[in-house]
Amino acid sequence: MTIVQAPVQDRASAARRAMIDSQLRVSGVNDPAVLGAMEQVAREEFVPAAQRELAYIDRAIPLGDGHALPAPLFHGLALTEAAIRPGEAVLVVSATGYLAALATALGATVSTALPAEAAVAKAGGSYTLILVDGAIEQLPDGLAAQLAEGGRIVTGSVERGVTRLAVGTRAGGAVALLPLIEIGIPVLAEFAAPKRWSF
C-alpha cells in the first residue's frame, strides 16, 4: 500500500484553518476581518525553514536570535483590540514580518521597526496605532512619542514574570498601558526596565 502525502501547501492551508477553528474562535477571536487576514497570510513563511511544520502550533516559535514568533492567539487578540481602520498609519515593532503582513491585510498603511530600533526611536507623532510583537517591561519615551495624540498602542506587557495583553492611548502627551488578559507572550529584551539596586 502506497501512502500519498498531501503537498506542503495543502498541509499548511489545512493547518491554518485548524488554527482558526481550534485556537482562535474557541478563545474569543471572532472578528471576520482578523480571521480573514490570519487565513490569508502564510505564517510558515515567517519562521525558519526547519520550523515550518510547527508554524501553526499554539505556542511561540523560537527564531534562533533571542526572539520568538508569538503564538497565533496573541496576534488574534492583539489585532482584535487594535481594530485597524483601512488606510490608517500603523507602526509594527517586530523581529519578523508576520504581524506587519497581517496589519497590511487588514488595510493599514504599515511601517516597521525592529525592536532594537524602536526602543531608541525618535519623536514623530505620526502613527495612529503602534503594534508591538511581544511583551515589554517599559514603553520607551521615544516610541510613545511616535503616537499621534489619541493614538493607540497594543502590546504585551510583563510584570514580575507574568505577561499580559495590554493597550494604551496617548493623551496629554503620555501613554499609560492597561493590562487586559494574562497570556503567554515572548518577552522583548530590548524593552527591559532599568535594573534597580535593592538591599
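Residues numbered from 1 in each chain as written. Predicted model: local features only at pLDDT ≥ 70, side-chain atom pairs only at ≥ 80, totals over all residues. Heavy atoms only, no water.

Asker: What's the story with the overall build of the chain in this structure? I'm lost.
Answerer: What the chain contains, in helices and strands, is six helices and eight strands. Taken over C-alpha atoms, the radius of gyration comes to 17 Å for the chain, in line with the 16 Å a tight globule of 199 residues would show. On the principal axes, the C-alpha backbone points of the chain span a range of 70 × 45 × 30 Å. Partitioning the intrachain contacts of the chain with sequence separation of at least 6 by distance along the chain shows that 48% fall at a separation of at least 24. Averaging the coordinates of the 15 positive side-chain charges in the chain and doing the same for the 19 negative ones gives two points 2 Å apart. (Helix = DSSP H or I, 4+ residues; strand = E, 2+ residues; numbered from the N terminus. Rg over C-alpha atoms; globule rule 2.2 N^0.38 Å. Contact = heavy atoms within 4.5 Å. Lys, Arg positive; Asp, Glu negative; His and termini not counted. Charge placed at Lys NZ, Arg CZ, Asp CG, Glu CD.)

Asker: Is there a simple way to think about the environment of Ala15 in this case?
Answerer: If you trace the backbone, Ala15 turns up in helix α1 (residues 8-24). Using a relative accessible area of 27% as the deciding quantity, one classes Ala15 as partly exposed. Measuring from C-alpha to C-alpha, the distance between Ala15 and Ala135 comes to 26 Å, with 120 residues separating the pair along the chain. (Buried < 20%, exposed > 50% of the residue type's maximum accessible area, 1.4 Å probe, protein only.)

Asker: Please clarify how the environment of Ala166 should be interpreted in this entry.
Answerer: Here Ala166 is to be found in strand β7 (residues 162-171). For Ala166, a relative accessible area of 0% translates into the label buried. Separated by 46 residues in the primary sequence, Ala166 and Val120 have C-alpha atoms spaced 21 Å apart. Residues in contact with Ala166, not counting those within four places in the same chain, are Ile153, Val154, Thr155, Ser157, Leu177, Leu178, Pro179 and Leu180.

Asker: Would you take a moment to explain the layout of surface pockets for this structure?
Answerer: The probe, sized like a water molecule, is rolled over the atoms to show the empty space still left. Its boundaries defined by the atoms lining it, the largest pocket holds a volume of some 170 Å³. Along its surface, the largest pocket is lined by ten residues, and Arg11, Ala12, Ala15, Arg52 and Glu53 are the ones closest to its centre. Looking at the lining of the largest pocket, its residues break down into six nonpolar, no polar and four charged. (1 Å grid on protein atoms, 1.4 Å probe; cavity = no way out; pocket = protein on both sides within 12 Å on 5 of 7 lines; lining within 4 Å. Points joined across faces, edges and corners; volume = space filled by probe spheres on them. Nonpolar A, V, L, I, M, F, W, Y, C, P; charged D, E, K, R; others polar.)

Asker: Would you take a moment to explain the packing of aromatic side chains for this structure?
Answerer: How two aromatic rings sit relative to each other is given by the distance of their centres and the angle of their planes. Inspection of every chain in the model, using the stated rule, returns one aromatic pair. Directly above the aromatic system of Tyr98 lies the positively charged group of Arg43, at a separation of 5.3 Å from the ring centroid. (Phe/Tyr/Trp six-rings, centres within 6.5 Å; stacked < 30°, edge-to-face > 60°. Lys NZ or Arg CZ within 6 Å of the ring centre and 35° of its normal.)

Asker: Is there a simple way to think about the pairing of strand β5 (residues 127-136) in this case?
Answerer: In the case of a regular strand, side chains alternate between the two sheet surfaces. For β5, the buried fraction is high: nine of the ten residues fall into the buried class. Examined bridge by bridge, strand β3 (residues 89-93) and β5 share four bridges and lie parallel to one another. Paired with Val93 across the strands is Val132, a residue of β5. Sheet analysis places β5 next to strand β6 (residues 147-159), joined by six bridges and oriented parallel. Opposite Ile136, over in β6, you have Ser157 as the bridge partner. (Pairing = 2+ DSSP bridges.)

Asker: Help me understand the pairing of strand β8 (residues 174-182) in this model?
Answerer: Pairing of β7 with β8 involves eight bridges; the strand directions are antiparallel. Across the sheet, the residue bridging to Leu165 is Ile181, located in β8. In textbook terms, the turn of a hairpin is the stretch between consecutive antiparallel strands, and for β7 and β8 this stretch comprises two residues, one of which, Gly172, has a positive phi near 60°.

Asker: So what exactly am I meant to see when it comes to the nonpolar core here?
Answerer: A general trend in soluble globular proteins is that nonpolar side chains are found buried together. Leu79, Ile84, Leu102, Leu131 and Val154 are the most contacted members of the largest nonpolar core, which has 39 residues in total. For this core, the elements supplying multiple residues, two or more each, are α1, α2 (32-40), α3 (72-82), β3, α4 (98-105), β5, β6 and β7. Those residues in contact with Val154, other than ones at most four positions away along the chain, are Ala78, Glu81, Ala82, Leu129, Ile130, Leu131, Val132, Leu165, Ala166 and Val167. (Core = buried A, V, L, I, M, F, W, Y, C linked by side-chain atoms within 4.5 Å.)

Asker: Please clarify how empty space enclosed by the protein should be interpreted in this entry.
Answerer: For the coordinates displayed, the defined rule picks out one cavity of 30 Å³ or more. Looking at the largest cavity, the residues that line it are His67, Ala68, Leu69, Pro70, Ser94, Ala95, Thr96, Asp133 and Leu188. For the lining of the largest cavity, the class distribution of residues is five nonpolar, three polar and one charged.

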